[in-house]
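Structural overview for review
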Amino acid sequence: MNLRNIIVSRLAIIYFALLLMSILIIGKIVAVQNIRTDRWEQIADNLTNYTVSFEPTRGNICADDGNVLATSVPGYYIRIDLGAPGVKKVYAAQRDSLALMLSSFFRNLPAKEYRRRLDLAYKQNERGFMLTPRKIDYNELQIVKKFPILRRGSFGGGRIIVQENKRVLPLGKLAARTIGTLNKGVSNNPEGNAGNTGIEEAFESYLKGEAGVGYRQNLSGRWVSRIEIEPKDGMDIHTTLNIRYQDIAESALERQLKTSNAEWGTAVLMKVKTGEIKAIANLGRVAPGRYEEVYNYALGHAGCYEPGSTFKLISLMVALEHGLIDTSQVFDTGNGSWKYSDRTIYDSDYGRGSHGPMTVKQIFEKSSNVGVAKIITSCYDENPAKFVDELHEMGITKPLDLELQGEGVPFFKYPGDKDWWGTTLAWMSYGYESKMTPLQMLAFYNAVANDGKMVKPYLIREIINKGDVVERYGPETLKHSISSRSTIKKAQGMLEGVCDNGTGKMIQSKIVRIAGKTGTAQISSGGGGYRKGLYLASFVGYFPADDPEFSMIVTINKPQGAYYGGAVAGPVFKEV
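Figured I'd write up the structure that's included with this text. Everything numeric in this text was worked out from a predicted model, so none of it was measured. (Residues numbered from 1 in each chain as written. Predicted model: local features only at pLDDT ≥ 70, side-chain atom pairs only at ≥ 80, totals over all residues. Heavy atoms only, no water.)

**Notes on the layout of surface pockets**
As a reminder, the rule being used: Grid points spaced at 1 Å and placed over the protein atoms alone form the basis of the search, with a cavity being a set where a 1.4 Å probe fits but cannot get out and a pocket an open set showing protein on both sides within 12 Å along at least five of seven lines. Lining residues have an atom within 4 Å of a point. Grid points are joined across faces, edges and corners, and a volume is the space filled by probe spheres set on the points. Think of it this way: any DSSP run of H or I at least four residues long counts as a helix, any run of E at least two long counts as a strand, and we number them from the N terminus. Just so you know the grouping, Ala, Val, Leu, Ile, Met, Phe, Trp, Tyr, Cys and Pro go in nonpolar, Asp, Glu, Lys and Arg go in charged, and all remaining residues, Gly too, go in polar.
Of the voids in this model, the second largest pocket is the one considered here, and its volume is about 910 Å³. Lining the second largest pocket are 33 residues; nearest its centre among them are Tyr-346, Asp-347, Ser-348, Asn-369 and Tyr-564. Listed by contribution, the elements that provide at least two residues to the lining of the second largest pocket are β16 (343-346), β24 (515-524), β25 (530-543) and α18 (565-568). Here the lining of the second largest pocket is composed, by residue class, of twelve nonpolar, 14 polar and seven charged.

Here's what the structure looks like:
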């Protein structure tokens, strides 16, 4: 055979093999599309109607010592397969007993109504009729499982148990708003609960885990769930919160709120060196004499108010930093009133005796509005921008960018703004026409206690997945120094003087020496003015004064009766 015939023969074999393979492939396609259509339709139906999602266990939120603040416990719903052969054998004889037991146990419907609904579902051959009107716990589950028909089990009684985890707070309302809440259907998660506020919301991606996937299959009247992809449980969040400190702060705050019949209050306790938040209590009035954690006033927009006299420290530190005053310099406060740019500024004790000439330190200790306004206007009337620029330089005009969402944004006017008036500089100097949250104010006072170093307050210490640390958080420096060493020392001396000789004298403790500042601010009525009788009382400071370990702020909104910061917020601080 010559070479040409050999090549043709081999090509013919290759072409024949390719033709045969093509015929086989086409035949397979036809078989899939036509011959086994019913099988593929069944598979598609299973995927559509019988695929189930297996809920993962949500991660725990823990205190600094590992005690659980929020955890998930299983809850259950019970359905019944009324088309199961085992059910059909006994339904007529036991339906009345089942209806009676359900009515007696849940007390939501009469037995006749339960029986009517059961009969209707039975006629329709319903394969998953819901029996429980609410989620039940494990102990209740054991009782319901013994009801007529259901006691025959999943095969003989068509019993279908559906587990859905329930979020609980083992310590009740302690730090409840900071821990957060869950809301079904948010965050594109219609099948389960997702974080809606607080830590639950901020760390949803870590806490939620990943759902498993499987399918339900009816085997001779018995529904069986098979897991194809195992669920991955959520990670645990370990916070900086201390249970004992939280309980002390929250209890003291609640007692004072009830005494003052106030609208809301907040108390935050923080470690000076690190910025760890050890306690954060937020209580709002929900009924006469009853307070709950309804909003995080310490950091949220609703707690972002004109701070009042606690701002005086910041104002005086600006002038001290610029070398324009010293704490021993004397200013005359007169009779406690001073007309400035067609408006009159009053001291809180106006009409009850005047202080006259006082040093800057004494003005601060007595919390004289007139004194502080005279100091700041004498220094910055010609250049108010220099005053405001230093506020920006100190780092108080920006949000702290905390882990939790919804932080209130500080508000400060600037010369040249349309709402900068001729009186703005004076009123700003003692805590009006600007806004800060309690936590933002605390961060500044904490920096003074920390010898000028401003650290970021933080709530989260670690994120842990099955014992392994995934992320670890620690101290973060926002500013290495808010002002010079000399200014910080003078500020510390003034804060000690408030509790030794001034408006905070009643707060000074025999146990540990306190340094801090009282604050009493009138609250805007919303129409551009201030309504008499609406006040924000606060006290912010640190202890021990000579070697600060903790800083703390207490803010109480709209107290009735006594309203000065020293008399209303001070006792909470002192008790803690």
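**Examining empty space enclosed by the protein**
Following the criterion strictly, the structure yields two cavities of 30 Å³ or more and no others. Forming the boundary of the largest cavity are Gly-303, Tyr-305, Pro-307, Thr-310, Met-436, Thr-437, Pro-438, Met-441, Leu-536, Ser-538, Ile-553 and Thr-555. Secondary structure elements with two or more residues in the lining of the largest cavity: α16 (438-449), β25 and β26 (550-557). The element best represented in the lining of the second largest cavity is α16, accounting for three residues. For the lining of the second largest cavity, the class distribution of residues is six nonpolar, two polar and one charged.

**Thoughts on the side chain of Asp-347**
Note the cut-off: Exposure is judged per residue with a 1.4 Å probe applied to protein chains only, and the accessible area is read against the type maximum: over 50% gives exposed, under 20% gives buried, and values in between give partly exposed. Lys and Arg are tallied as positive, Asp and Glu as negative. Neither His nor the chain termini are counted. The salt bridge criterion pairs a side-chain nitrogen of Lys or Arg with a carboxyl oxygen of Asp or Glu, the two atoms within 4 Å. Each polar contact in these results corresponds to two N or O atoms within 3.5 Å; when the atoms are within protein, one needs to be able to donate a hydrogen and the other to accept it, and residues that are neighboring in sequence are counted only if both atoms are side-chain atoms.
Along the polypeptide, Asp-347 turns up in the loop between β16 and β17 (357-359). Among buried charged residues, Asp-347 stands out as having no salt bridge; its nearest opposite-charge side chain is Lys-312, 6.0 Å away. At a separation of 2.6 Å, a polar atom in the side chain of Asp-347 contacts the main-chain amide nitrogen of Asn-369.

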